[in-house]
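Below, each chain spelled out in residue letters.
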Amino acid sequence: MAPLAPRSGDAVFANIERVNAELFTLTYGAIVRQLLTDLEEVEEVNKQLDQMGYNIGIRLIDEFLAKSNVSRCVDFKETAEVIAKVGFKMFLGVTASVTNWDADGTTCSLVLEDNPLVDFVELPDTCQGLYYCNILSGVVRGALEMVSMKTEVTWVRDMLRGDDTYELRVKLLKQVPEEYPYKDDE
Amino acid sequence: MVSTYCNRFYSSKPELAARRIEAIGYQVGHQLSERYTMERPRFSDHLEAIKFICKDFWSELFKKQIDNLKTNHRGTFVLQDNRFRWLTRMSVEPTSGNTDASQADSSTSAADNKALPATSMHLYFPCGIIRGALTNLGIPCAVSADMSNLPACSFVIRIKA
């Protein structure tokens, strides 16, 4: 592990501008509700939330790199740690823990004990298939894609569905080698 | 940020998107006002309620109060925020004219002025919040926003009789 990279996002979190938590939570809730009314299909809402998250992620990574001073991660393990400890802290105010690595180190779980998105939330029976926090998986996917990692992010545990924590499964599909968009003259 | 994503979603139908964003704001305002008025006495009149919005409500949301409140004493209030937080990061096009942007009132169609369409989209949300909060306080109204000189913007509240 590179010693230079900050191990937690506390310092950054303390310094950046923050938004009122209730406003944030309720706004997200209202968006989800609006999507549910407009799209009617729970599956479609999941997809839209993921897409919105992705769009946020591909821009959020810039903000993250600019403010967090992390250096290049040597492997995917370090990447996961940085997301869990620095990324989540910076933007959500909570930290996640990284567990359940598979043998070849390409799949892991981010476990969130606490999740500000779901304050005040209860899922009614009609939306049992909804992944309420699907936006987060989209954010992670989008952000990682911008640093050349194709990933697949899925929810495996969700407190709103009766599990004890939130578990986000991140699977590294492939590392895209960096390509320069321009052709050099050699 | 929030509303831009809605925009992408409804990019072909800006009016529809605007209504959606306003509705989201309305819900948020409704719920927030519920929380922030929990421990205070009932407002005796409209002015009291509006003052609450300007002071307590606004500072909860944006860490500052409304800078200027004007009224004609006949149900129209103008709330001016000289440095509206959500607009401080917007780029300002020098050509921006006087655009009466977001019309929250359902009877008036959204303004078609294309000068600052993106920015005006961002104002539907706070408009909705104000309308939601006031409606929850028993004051049905229409809220529109004006952003002729960014990042200052003003919200015009017209109380329905």
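Residues numbered from 1 in each chain as written. Chains lettered and ligands numbered in written order. Predicted model: local features only at pLDDT ≥ 70, side-chain atom pairs only at ≥ 80, totals over all residues. Heavy atoms only, no water.

Chain A has the name Trafficking protein particle complex subunit in an unreviewed UniProt entry, where Cinnamomum micranthum f. kanehirae is given as its organism. Taken directly from UniProt, the Sequence similarities (unreviewed entry) text for chain A runs: "Belongs to the TRAPP small subunits family. BET3 subfamily." (UniProt positions renumbered as here; feature names shortened; annotations may be inferred.)

S.K.: What is the right way to look at the overall build of chain A in this model?
M.R.: For chain A, the count of helices and strands is five helices and four strands. Its C-alpha atoms give chain A a radius of gyration of 17 Å, within 12% of the compact-globule value 16 Å for 186 residues. Seen through its principal axes, chain A has C-alpha atoms that stretch 60 × 35 × 35 Å. Looking at the 186 residues of chain A, the share that counts as buried comes to 49%. Partitioning the contacts of chain A with sequence separation of at least 6, the portion at a separation of at least 24 is 60%. Approximately 9,900 Å² of chain A is accessible, and the part contributed by carbon and sulfur atoms is 51%. (Helix = DSSP H or I, 4+ residues; strand = E, 2+ residues; numbered from the N terminus. Rg over C-alpha atoms; globule rule 2.2 N^0.38 Å. Buried < 20%, exposed > 50% of the residue type's maximum accessible area, 1.4 Å probe, protein only. Contact = heavy atoms within 4.5 Å. Areas by Shrake-Rupley, 256 points an atom, 1.4 Å probe, with all protein chains shown as cover.)

S.K.: Explain the packing of helix H4 (residues 76-92) of chain A against helix H5 (residues 134-146) of chain A here, please?
M.R.: Angle between the axes and distance between the axes: these two values describe a pair of packed helices. Residue and element names in this part refer to chain A. Closest axis-to-axis distance for the H4/H5 pair is 12 Å, and the angle between their directions is 125 degrees. Classed by the angle they form, the pair H4 and H5 counts as oblique. In this structure, the crossing between H4 and H5 has a hand that is right-handed. Counting all contacts with H4, which are made through Phe-76, Thr-79, Ile-83, Phe-88 and Leu-92, the residues of H5 involved are Leu-136, Val-140 and Leu-144. A class-by-class count of the residues in the contact of H4 with H5 yields seven nonpolar, one polar and no charged. (Axes fitted to C-alpha atoms, helices over the stretch in contact; angles between N-to-C directions. Parallel < 35°, antiparallel > 145°, perpendicular 65-115°, else oblique. Left-handed = near helix turned anticlockwise from the far one by under 90°. Nonpolar A, V, L, I, M, F, W, Y, C, P; charged D, E, K, R; others polar.)

S.K.: Would you take a moment to explain helix H3 (residues 46-62) of chain B for this structure?
M.R.: The α-helix winds at 3.6 residues per turn, so residues separated by three or four positions along the chain end up facing the same way. Residue and element names in this part refer to chain B. With 17 residues, H3 ought to run about 24 Å at 1.5 Å a step, and its terminal C-alpha atoms sit 22 Å apart, in line with that. At Ile-53, H3 is deflected by roughly 35 degrees, the largest bend along its length. If you check which residues of H3 are buried, you get Ala-49, Ile-50, Phe-52, Ile-53, Cys-54, Phe-57, Trp-58, Leu-61 and Phe-62. Lys-63 occupies a position one or two residues after H3 and carries a positive phi of about 60 degrees. (Expected span 1.5 Å × (residues − 1). Bend = angle between axes of the 7 residues up to and from the residue.)

S.K.: How should I be thinking about the pattern of salt bridges in this particular structure?
M.R.: Working definition: two side chains of opposite charge can pair if their charged atoms are close together. Applying the stated criterion to the full structure yields 12 salt bridges over all chains. Across the salt bridge formed by B:Arg20 and A:Asp38, the nearest N and O atoms sit 2.2 Å from each other. Pair noted here: B:Arg20 is in helix H2 (residues 14-36) and A:Asp38 is in helix H2 (residues 21-39), and the two residues belong to different chains. Using a relative accessible area of 18% as the deciding quantity, one classes B:Arg20 as buried. (Salt bridge = Lys/Arg side-chain N within 4 Å of Asp/Glu carboxyl O.)

S.K.: Hey, could you run me through H5(A) in this one?
M.R.: Residues and elements named next belong to chain A. An ideal rise of 1.5 Å per residue puts 18 Å on 13 residues; H5 measures up with 19 Å between its terminal C-alpha atoms. Counting buried positions along H5 gives 10 out of 13 residues, so the element sits mostly inside the fold. For H5, the complete set of buried residues consists of Asn-134, Ile-135, Leu-136, Ser-137, Gly-138, Val-139, Val-140, Gly-142, Ala-143 and Leu-144. Contacts made by the buried residues of H5 are with H2, helix H3 (42-68), H4, strand S2 (107-112), strand S3 (149-157) and strand S4 (166-175).

S.K.: Which parts of the structure should I look at to understand the state of the cysteines?
M.R.: Two cysteines, two sulfur atoms, one covalent bond between them: this is a disulfide. Residues and elements named next belong to chain B. Enumeration according to the criterion identifies zero disulfides over all chains in this entry. Its sulfur unpaired, Cys-54 is 12 Å from the next cysteine sulfur, which belongs to Cys-141. Unpaired in terms of disulfides, Cys-153 finds its nearest cysteine sulfur in Cys-127, a separation of 8.2 Å. A residue is classified by how much of its surface remains accessible, and Cys-153, at 2% relative accessible area, is buried. (Disulfide = S-S within 2.5 Å.)

S.K.: Is there a simple way to explain the environment of A:Gly93 in this structure?
M.R.: Residues and elements named next belong to chain A. Inspection of the secondary structure puts Gly-93 in the loop between H4 and strand S1 (96-99). As for Gly-93 and Phe-13, which are separated by 80 residues in sequence, their C-alpha atoms are 7.0 Å apart. Every residue in contact with Gly-93, bar those within four places of it in the chain, is listed here: Phe-13 and Phe-88.

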